[in-house]
Amino acid sequence: MNSNLKIISDLTEEITEAIKNGVHPEKIMAITCTTKVADELIERIRTRLLELGDTESATGILNGYVGTANCVFGRLLRELALERGLSPTQKVLSDTEAGSLFHTTVSGTIDKFYHKNSEVFYRLGLDNRNNDWRNKVFEIVKLARQNGLSSEEVKECADYSWEIMKSWLPMSHSTSEQLDKGLESALKFAESTLPGGDSTRLTLKVVEKIKLALVDWKRNGYLSWEQWAELSKLAPGKRSEDDVSQVCATASVHYAHPRLHGDMKEAIFALFHCAAEAMEKYVEEKNKRGVIDFIDQEFLALELLTDKENEKALKERISAVFVDEFQDLSPLQIAINMQLLNIADNVAWTGDVKQAIYGFRGTDPMEQALAIETWSWRDSGSKDIGTDAAHIAVGMKEVIDQRDEYLVMDKITKSLRPLKAGDIAVLCKSNRDCVKVASALSKIGISATVGKSGLMETQEVAYDVAEYTDKDAVHVLTYDKSKGLEWPFVILYSLGRSSKRDKLPVFDNVIAVSTKEFDIENPLDGRKLYYCPWPYGNRKRKVDLDGFVENTKELREKEEQLLKENQRLMYVGITRANDYLVFVDRDYSKIGSIDDKGQKVIANLGVIEEDLEDDSSGNKIGKIVVNGERFTCKIKEISIAEGK
């Protein structure tokens, strides 16, 4: 790593120190994760400089290159537009505008690939709302652009994906026709003999499934792979087991069916080739309109920084570079920031190494929170997200109604005051969770702000999420969008969703990998994507295909990544709280993530300590254990039924 790069922890102090040591504030570049973080950073620097009596620098920093990557590099591209042969007034699309243009532009491409592959998508269960192949295409495009892949390289990822998936699949010793004929014959035999004298509920249910399968076979000429899997697991009453056994036996070899293998290959190639064509159409449309989006802007910035002809002009503008939250940079953004090492005399990346390595090593993540609570509920058997959100809303109303009991330090007066709704943030794993929580709050009269979603979010999320501007509203946002921000009162939701998914995580996820040893000097080298469809629709468990994947390198790597991501999100959430930290979940046993040594990071969460007395409000008291250190924890049970 270059000698002029260092890792720091306090951006404000480091920039202030650089200015004290003679760096002109106008020549400072500081790249932050959000505009709000940039504004707060500038304000902190100006306050510090004014305290030092340096009013000139406090004014000068306003002219520095401080902001998000797109803001900073957008300004540089405008200033050097003529040298680059670009228009200084080039239109940069917002995420919302870019998303709308992308979806409009590629709709014809999407329709073409659907009509060509509709039967395959149906058989694989990729054409329903819960698992729409179109969303996979959008995800491929998003990741491909972030990893610097061209449309031709995206097509090559189809071959790469199929080679991975083919290595998981067992060889077939029968033809498609043989396997189809065997199952169809077994179904017809079972239909002719059932229910016989067996009128049990289990047998009648099996009869219904067999009849439906034969109707579908006659109408379509085939069954979906979900139906094959279901037929292999038929469980009639004991008297009818022999009549159904042949159906189960012939259907149970679905994983080795040549047509299944062909369908998965065809789907993989369809998705990557559709994505490649969509990328090309999107580029053509942007060129026609004379517009670019944020990722285009980043590529232009990389070209700007790598062109030696621009080096002198850049050095005249930039003396020191500070990059906030380096652990969240995409490969493209890492490539950009590595080029800055050749421009600036000093480069500092500031971020939390504990987040960068996705752990809690050697530090106390609870040190910022003055009080810890857990909220749980037992009055509903529902596991619906909406029910969870309703409980969170009830718990929050109780807090707001008792705001005098929750005192926080006012940033302006520097004195304690009662909690306000605007002091509260609820962090969720997904935009969909955010919408559910905000809706539940609204139903009981609590205003909430919901963060926007980005360019390639799924369509239903991208257009469902609203944004409000009530300054005294509860903030509801994802963990990732909370980076760099802090609130007095933070509620952590959906951490209990285990890294272990219903189906193995190598299926139905577009995964970016490096096929070469990662080189920070050339982070885009060797990047590829792979996607492997799950062929059994809504049947996500107890399917024999799982067994062929359980010991693969790809699954081990993906599960490790998910575990580390869960740890990272937990750490991010914990460190957003200044005064009060609340964990909410139905099952706290899933929250205690495991570190790389196999030890639980968090234990005893939500567990009542029998030797501790209840507090004055009747809440139970427990001890939360983080990395072996114990903290007092208030345990609250929320009940919608009781109106709490």
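Cut-offs and rules
Numbers given to residues run from 1 along each chain, matching the order in which its sequence is written. Owing to the predicted nature of the model, reporting of local features is limited to residues with pLDDT of at least 70; listing and counting of side-chain atom pairs is limited to 80 or more, with chain, interface and lining totals taken over all residues. Only hydrogens and water are set aside; all other atoms, that is, all heavy atoms of the structure, feed into the side-chain values. Note on terminology: a nonpolar core comprises buried Ala, Val, Leu, Ile, Met, Phe, Trp, Tyr and Cys residues joined through side-chain atoms within 4.5 Å. Three exposure classes are used, based on accessible area relative to the maximum for each residue type with a 1.4 Å probe and protein chains only: buried under 20%, partly exposed in between, and exposed over 50%. Whether two residues are in contact is decided by their heavy atoms: any pair within 4.5 Å suffices. Pairing of aromatic rings covers Phe, Tyr and Trp, the last counted by its six-membered ring, and requires centre-to-centre distances within 6.5 Å; plane angles under 30 degrees mean stacked, over 60 mean edge-to-face, and any other angle means tilted. Here a strand is any run of E in DSSP of at least two residues, a helix any run of H or I of at least four, and the numbering for each starts at the N terminus. Strand pairing is defined by DSSP finding a minimum of two bridges between the two strands. Orientation is described by lines fitted to C-alpha atoms, with helices fitted over the stretch in contact, and by angles between N-to-C directions that extend from 0 to 180 degrees. Oblique is the label for every angle not falling under 35 degrees (roughly parallel), over 145 degrees (roughly antiparallel), or within 65 to 115 degrees (roughly perpendicular). The sense of a crossing depends on the near helix, which, turned anticlockwise from the far helix by less than a right angle, makes the crossing left-handed and, turned clockwise, makes it right-handed. Residues are grouped as follows: Ala, Val, Leu, Ile, Met, Phe, Trp, Tyr, Cys and Pro are nonpolar; Asp, Glu, Lys and Arg are charged; every other residue, Gly included, is polar. We define a salt bridge as a side-chain nitrogen of Lys or Arg found within 4 Å of a carboxyl oxygen belonging to Asp or Glu. On a scale of 0 to 100, pLDDT captures the predictor's confidence in every residue. Each patch is built from residues that are more than 30% exposed by relative accessible area and take part in no salt bridge. Like charges join if they lie within 9 Å; nonpolar side chains (Val, Leu, Ile, Met, Phe, Trp, Tyr) join within 5 Å. Residue burial considers only the protein chains on display, and all accessible areas are found by Shrake-Rupley using a 1.4 Å probe. When charges are counted, Lys and Arg are positive and Asp and Glu negative, with His and the chain ends excluded. Every charge is mapped to an atom, namely NZ of Lys, CZ of Arg, CG of Asp or CD of Glu.

Side note on the nonpolar core
- Residues L187 and F507 are the most contacted members of the largest nonpolar core, which totals 81 residues.
- If near-sequence neighbours (up to four positions away) are discounted, F507 is found in contact with M165, W168, C532, P533, W534, L545 and V549.
- Ranked by size, the runner-up nonpolar core spans 34 residues in total, among them Y65, L332, I343 and V347.

Some words on the packing of aromatic side chains
- Scanning all chains against the criterion turns up 16 aromatic pairs.
- For the ring pair F102 and F138, a centre distance of 5.7 Å and an interplane angle of 80 degrees mean the geometry is edge-to-face. Highlighted residues: F102 in helix α6 (residues 95-124) and F138 in helix α7 (residues 133-146), separated in sequence by 36 residues. Residues F102 and F138 agree in their burial class; the two are buried.

Regarding unusual backbone geometry
- Cis peptide bonds are those with omega within 30 degrees of zero, and the linkage from L194 to P195 qualifies with 0 degrees.
- Looking at the secondary structure, you find P195 in the loop between α9 (176-193) and α10 (201-220).
- Although it is not a glycine, D508 adopts a positive phi angle of roughly 60 degrees.
- Locating D508 in the fold gives a position in the loop between β16 (487-492) and β17 (511-514).

Let's talk about the pairing of strand β15 (residues 474-478)
- Summarising burial for β15: five of the five residues are buried, a large majority.
- Of the two faces of β15, both are covered, the one formed by V474, V476 and T478 as well as the one formed by H475 and L477.
- Bridge analysis of strand β13 (residues 424-428) against β15 gives four bridges, and the strand direction is parallel. In the strand pairing of β15, V426 is matched with V476.
- Pairing geometry for strand β14 (residues 448-450) and β15, over three bridges, is parallel. Looking at the pairing, T449 lines up with H475 of β15.

A few points about the pairing of strand β8 (residues 320-324)
- Counting buried positions over the five residues of β8 gives five, a clear majority of the element.
- With burial as the criterion, each face of β8 is covered, one bearing A320, F322 and D324 and the other bearing V321 and V323.
- Relative to β8, strand β2 (residues 28-32) runs parallel, the two being bridged by four bridges. Residue pairing across strands places I28 opposite A320, the latter belonging to β8.
- Bridge analysis of β8 against strand β9 (residues 346-350) gives five bridges, and the strand direction is parallel. For V321, the partnering residue across the bridge sits in β9 and is V347.

Digging into the packing of α9 against helix α12 (residues 241-251)
- In the contact formed by α9 and α12, the axes pass within 8 Å of each other and the chain directions differ by 160 degrees. Between α9 and α12, the crossing angle belongs to the class labelled roughly antiparallel. The handedness of the crossing between α9 and α12 comes out as left-handed. For the pair α9 and α12, contact is made by G182, L183, A186, L187, F189, A190 and T193 and by D243, Q246, V247, T250 and A251, respectively.
- In terms of residue class, the contact of α9 with α12 is made up of seven nonpolar, four polar and one charged.

Some words on the pattern of salt bridges
- All told, the structure shown has 35 salt bridges when counted by the stated rule.
- D296 serves as the salt-bridge partner of K286, at 2.5 Å between the closest nitrogen and oxygen. Here K286 is found in helix α13 (residues 258-289), whereas its partner D296 is found in helix α14 (residues 294-306), with ten residues between them in sequence.
- On the basis of relative accessibility, which here comes to 17%, the residue D296 falls in the buried class.
- Two residues, E557 and K553, come together in a salt bridge whose shortest N-O distance is 3.8 Å. With a gap of four residues between them, E557 and K553 both fall in helix α22 (residues 553-574), about one helical turn apart.
- What makes K553 partly exposed here is its relative accessible area of 44%.
- Each of R145, K286, D293 and D296 takes part in salt bridges that share partners, so that together they form one network.

Some remarks on the environment of E277
- Structurally, E277 is set in helix α13.
- Along the backbone, E277 and V141 are 136 residues apart, and their C-alpha atoms lie at a distance of 9.9 Å.
- Leaving out residues up to four positions away in the same chain, E277 has contacts with T109, K112 and F113.

Points about the confidence of the model for the chain
- Of the residues in the chain, 84% reach a pLDDT of 70 or more, and the chain-wide mean stands at 84.
- Overall, residues 353-365 carries pLDDT values under 50, and its contacts beyond four positions in sequence, including any with other chains, amount to 36 contacts.
- This stretch, residues 452-469, has a pLDDT under 50; its non-local contacts, to residues over four places away or in other chains, come to 42 contacts.

Remarks on a positive patch on the surface
- The grouping of K36, R44, K411 and K414 at the surface amounts to a positive patch.
- The topology assignment puts R44 in helix α2 (residues 35-51).
- Relative accessible area serves as the criterion here: at 42%, R44 is assigned to the partly exposed category.

Details of the packing of helix α1 (residues 11-20) against α2
- Between α1 and α2, the shortest axis-to-axis distance is 10 Å and the interhelical angle comes to 50 degrees. The angle between α1 and α2 places the two elements in the oblique class. Of the two elements, α1 crosses α2, and the hand of that crossing is right-handed. Here L11, T12, E13, I15, T16 and I19 of α1 lie close against α2, whose contacting residues are L41, R44, I45, R48 and L49.
- Its residues assigned to classes, the contact of α1 with α2 shows six nonpolar, two polar and three charged.

Here we look at the environment of V72
- Here V72 lies in helix α4 (residues 69-79).
- On the basis of relative accessible area, V72 is assigned to the buried category, the value being 2%.
- In the structure, V72 is positioned 43 residues away from M29 in sequence and 7.7 Å away in space, judged by C-alpha atoms.
- In contact with V72, other than residues within four places in its own chain, are M29, A30, I31, Y65, V66 and G67.

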